[in-house]
Amino acid sequence: MSLVYQNSLYVSINVSGILYGVELMLYIQTIQELLKNKKHGQRLDKFFVCFSTATLALVTMIEATKAVFGQETWIVNATYPGGPAAYETKYDSACYQMLNQTAALLLDMLTNGLLMSASILD
């Protein structure tokens, strides 16, 4: 694993952490507005509260597993024989990495389903 690749992974984990904070703030503001407006479209509002909560939970799982795998790769096992590249290759199928991939797949399915339902309803 080259130094450029390791740096790009490090930067991407940090940028996605910042974007996660933005998403968390948008989620809080959206839920506050949806719950404040009780009379307007309650059924649709409940759907969007549930949908937003599910997507936030999945993104949280993705971010947490990326952080754990990064810590395991570069900090805890920095002296692994063959270096971080060998560790990443050997433990890429760890259970938390499977959780990451499953959460990403579910998130993709949820958001694509929302887009398809919106296009069908229009």
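What counts and what doesn't
Residues numbered from 1 in each chain as written. Predicted model: local features only at pLDDT ≥ 70, side-chain atom pairs only at ≥ 80, totals over all residues. Heavy atoms only, no water. Axes fitted to C-alpha atoms, helices over the stretch in contact; angles between N-to-C directions. Helix = DSSP H or I, 4+ residues; strand = E, 2+ residues; numbered from the N terminus. Parallel < 35°, antiparallel > 145°, perpendicular 65-115°, else oblique. Left-handed = near helix turned anticlockwise from the far one by under 90°. Salt bridge = Lys/Arg side-chain N within 4 Å of Asp/Glu carboxyl O. Buried < 20%, exposed > 50% of the residue type's maximum accessible area, 1.4 Å probe, protein only. Phe/Tyr/Trp six-rings, centres within 6.5 Å; stacked < 30°, edge-to-face > 60°.

Colleague: Any chance you could explain the packing of helix α1 (residues 3-36) against helix α2 (residues 42-76) here in plain terms?
Modeller: The contact between α1 and α2 brings their axes to 10 Å, and the two run at 160°. Considering their axes alone, α1 and α2 lie roughly antiparallel with respect to each other. Pair α1 / α2 crosses with left-handed handedness.

Colleague: Just checking my understanding: could you explain the pattern of salt bridges for this structure?
Modeller: Note on pairing: side chains with opposite charge can pair once their charged atoms come close. Counted under the stated rule, the structure contains two salt bridges. Notably, a salt bridge pairs Glu33 with Lys36, separated by 3.1 Å at the nearest N-O pair. Here Lys36 and Glu33 lie together in helix α1, a separation of three residues that amounts to about one turn. Given the relative accessible area of 47%, Glu33 is considered partly exposed. Close ionic contact of Glu63 with Lys66 constitutes a salt bridge, the shortest N to O distance being 3.3 Å.

Colleague: So what exactly am I meant to see when it comes to the packing of aromatic side chains here?
Modeller: Geometry of an aromatic ring pair is reported as the spacing of the ring centres plus the angle between the planes. According to the stated counting rule, one finds seven aromatic pairs in the structure shown. A ring pair is formed by Phe47 and Phe48, whose centres lie 5.3 Å apart and whose planes are at 65°; its orientation type is edge-to-face. Since its relative accessible area comes to 38%, Phe47 is described here as partly exposed. By relative accessible area, which is 32% here, Phe48 ends up partly exposed. Seen from their ring centres, Tyr87 and Tyr91 are 4.6 Å apart, and the 35° between their planes marks the pair as tilted. On the basis of relative accessibility, which here comes to 6%, the residue Tyr87 falls in the buried class. On the basis of relative accessibility, which here comes to 32%, the residue Tyr91 falls in the partly exposed class. A connected cluster of aromatic rings, assembled from ring pairs, spans Phe69, Tyr80, Tyr87, Tyr91 and Tyr96.

Just distances and angles here, no functional claims.
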